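Chain by chain, the residues run as shown.
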Amino acid sequence: MNSEFAVRSMRPGELELVLEWARQEGWNPGLDDSLAFNEADPSGFFVGSIGEVPVGSISVVKYGDMFAFLGLYIVHPDFRGKGYGKAIWAAGIASVGDRTIGLDGVAAQQDNYRKAGFEPAYSTIRYGGVATSLPVSTLVAQPVLDSRLEGLQRYDSAIFPQSRDAFLAAWCTARKGRRSAVVRKSHKIRGYGTIRRCYEGYKIGPLFANDADSAAALLAELIPEAKGAAVFIDIPAENHEAVALAEGIGLQPVFETTRMYRGPAPAIPLKHVFGVTTLELG
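Residues numbered from 1 in each chain as written. Predicted model: local features only at pLDDT ≥ 70, side-chain atom pairs only at ≥ 80, totals over all residues. Heavy atoms only, no water.

Engineer: Mind showing me how you'd approach the overall build of the protein here?
Structural biologist: Across its full length, the protein carries eight helices and 13 strands. What you see for the protein is a C-alpha radius of gyration of 18 Å, in line with the 19 Å of a compact globule of 282 residues. The principal-axis extents of the C-alpha atoms in the protein amount to approximately 65 × 35 × 35 Å. A buried classification covers 54% of the 282 residues belonging to the protein. Of the contacts formed within the protein by residues at least 6 apart in sequence, a portion of 73% connects residues at least 24 apart. (Helix = DSSP H or I, 4+ residues; strand = E, 2+ residues; numbered from the N terminus. Rg over C-alpha atoms; globule rule 2.2 N^0.38 Å. Buried < 20%, exposed > 50% of the residue type's maximum accessible area, 1.4 Å probe, protein only. Contact = heavy atoms within 4.5 Å.)

Engineer: What should I look at first to understand the packing of aromatic side chains in this one?
Structural biologist: What describes a pair of aromatic rings is the distance from one ring centre to the other and the angle between the planes of the rings. Scanning the model with the defined rule gives 13 aromatic pairs in all. Aromatic side chains Tyr63 and Phe67 sit 6.2 Å apart centroid to centroid with 25° between the ring planes, which places their arrangement in the stacked category. Taking relative accessible area as the criterion, Tyr63 reaches 2% and is therefore assigned buried. Among the aromatic residues, ring-to-ring pairing joins Tyr63, Phe67, Phe160 and Tyr261 into one connected group. Positioned above the aromatic ring of Tyr199 is the side chain of Arg23, whose terminal nitrogen or guanidinium carbon lies 5.7 Å from the ring centre. The ring of Trp171 has Arg178 lying over it, and the distance from NZ or CZ to the ring centre is 4.4 Å. (Phe/Tyr/Trp six-rings, centres within 6.5 Å; stacked < 30°, edge-to-face > 60°. Lys NZ or Arg CZ within 6 Å of the ring centre and 35° of its normal.)

Engineer: Explain the side chain of Arg259 here, please?
Structural biologist: Relative to the elements of secondary structure, Arg259 occurs in strand 12 (residues 252–262). A distance of 2.8 Å separates the side chain of Arg259 from the side chain of Asp104, its partner in a polar contact. At 3.2 Å, the side chain of Arg259 forms a polar contact with the side chain of Tyr261. Excluding anything up to four places from it in sequence, Arg259 contacts Phe69, Leu103, Asp104, Glu119, Pro120, Ala121, Tyr122, Ile268, Val276 and Gly282. (Polar contact = N/O pair within 3.5 Å; in protein donor to acceptor, adjacent residues only side chain to side chain.)

Engineer: Help me understand the side chain of Arg179 in this model?
Structural biologist: Along the polypeptide, Arg179 turns up in strand 8 (residues 178–185). Arg179 gets classed as buried once you look at its relative accessible area, which sits at 18%. Beyond its immediate sequence surroundings of up to four residues, Arg179 is in contact with Pro143, Gly193, Thr194, Ile195, Glu221, Leu222 and Glu225.

Engineer: Hey, could you run me through helix 2 (residues 33–40) in this one?
Structural biologist: Every α-helix carries 3.6 residues per turn, so stepping three or four residues along brings you back to the same face. Taken together, the buried positions of helix 2 are occupied by Asp33, Ser34, Ala36, Phe37 and Ala40. Axial view of helix 2: buried residues confined to an arc of 165°, hence all on one face. (Arc of directions from axis to C-beta.)

Purely geometric numbers; function is a separate question.
Here you go:
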């Protein structure tokens, strides 16, 4: 390993570089993901660098004092096989103390994650393609208003392992290529979701809902934002209603990961997870 190599916190502009690496790896991040990622946990992003040159990265974003999520673990192809990845990994893991850590692992890396203490919890399947129709629902979703985020944040915290208010405030703010919707019944939130422009098509996530009817209303509101481009949703395989919704609008399985945890797995009501927020942040 080069004697000038060190692992440090990311500096301004480096997250955008790492997301470009992610694009090159085929992970298809959102065009403006860095804005919300920074709000999730500014201290949770690291690079390994030789002098001033970043050669690898990891994010281990802390949500409260019990849970963290690992992603963006990349070593640039020009610097692989030199031990940099192990050092970056070790620094990221050490940064979160004794919190449970989650990640979404591809099949090729799951044995390595097991050796590091991670155990599988459930499979996530990415459904994608051009939607051939919009789902039918008895409900109607509405755009999320910045002035009404508090109720949405409370709803999210009942599904995601810990609260993430600052992240959601940035993630759900409408801007070019990104919009969020919420569905209510009797003035109570029954679900919400976000669609965002990615390097290839659009991704929908999170898609959290009380039931399939609520999720269908959200999809009917969000999908037109794609304007005929491909749409992708990462769905827990055991949520059969979510799978049926995706297949019902013409989406097909294109990619699979396994959610894994090091430490006690949080109790996530997967029946309400019709789409994961992002494989990088959980």
